[in-house]
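# Observations on the three-dimensional arrangement
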Amino acid sequence: MPAERPETVTEQSVPAHLADTMSYRVATDVRALRGFVSAGALARGLPADRVELLTLAVSELATNTLQHTTGGGRVRLWAESGQLFCDVVDQGPTRALGRGMPAADAIRGRGLAIVERICDEVAVLTHPGETVVRIRLSL
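Residues numbered from 1 in each chain as written. Predicted model: local features only at pLDDT ≥ 70, side-chain atom pairs only at ≥ 80, totals over all residues. Heavy atoms only, no water.

### Considering helix α3 (residues 111-118)
Taken together, the buried positions of α3 are occupied by G111, L112, A113, V115 and I118. Its buried side turned inward, α3 meets α2 (48-68), β4 (121-127) and β5 (130-138). (Buried < 20%, exposed > 50% of the residue type's maximum accessible area, 1.4 Å probe, protein only. Helix = DSSP H or I, 4+ residues; strand = E, 2+ residues; numbered from the N terminus. Contact = heavy atoms within 4.5 Å.)

### Some points on the sheet that holds β4
With antiparallel pairing, the 5 strands of this open sheet are ordered in space as β1-β2-β3-β5-β4. On the outer flanks of this sheet lie β1 (20-24) and β4, each paired with one strand and no other. Each strand of the sheet is rotated relative to its neighbour by a mean of 20°, with strand direction disregarded. Pairing of β1 with strand β2 (residues 73-80) involves 5 bridges; the strand directions are antiparallel. Bridging from a neighbouring strand, Y24 pairs with G73 of β2. Against the sheet, helix α1 (residues 30-43) engages β1, β2 and β3 (83-90), with an angle of about 10° to β2. (Pairing = 2+ DSSP bridges. Axes fitted to C-alpha atoms, helices over the stretch in contact; angles between N-to-C directions.)

Read these as geometric descriptors, not functional statements.
In structure tokens:
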């Protein structure tokens, strides 16, 4: 019997009844957002060391939203079939994945590269009026 393949992030729909959501608009909201993500991930069974990675990834994405878009964003968090999913949603342009890590002396540009390295899967989805960076970590 073949091993069950986890659903990829682009195949995963957001189950409204299972997802917790938090909005953020200004830099001072990021601290509360990190707490929201950490608590939600722990409650869904993500191991503590992985919770730290998820929290870092969401913090990097939210910071990008606040630096490069207007209107803030929101985070959706849910778990299904042994996987934890997290969407970071904003009105910014589509982000390009597959970036290399910038040189050590670079001042910026590490956020998405870090997210891609610490999450099991990352995808960018676009819908009318919004961009979603969806990340997945195995529970």
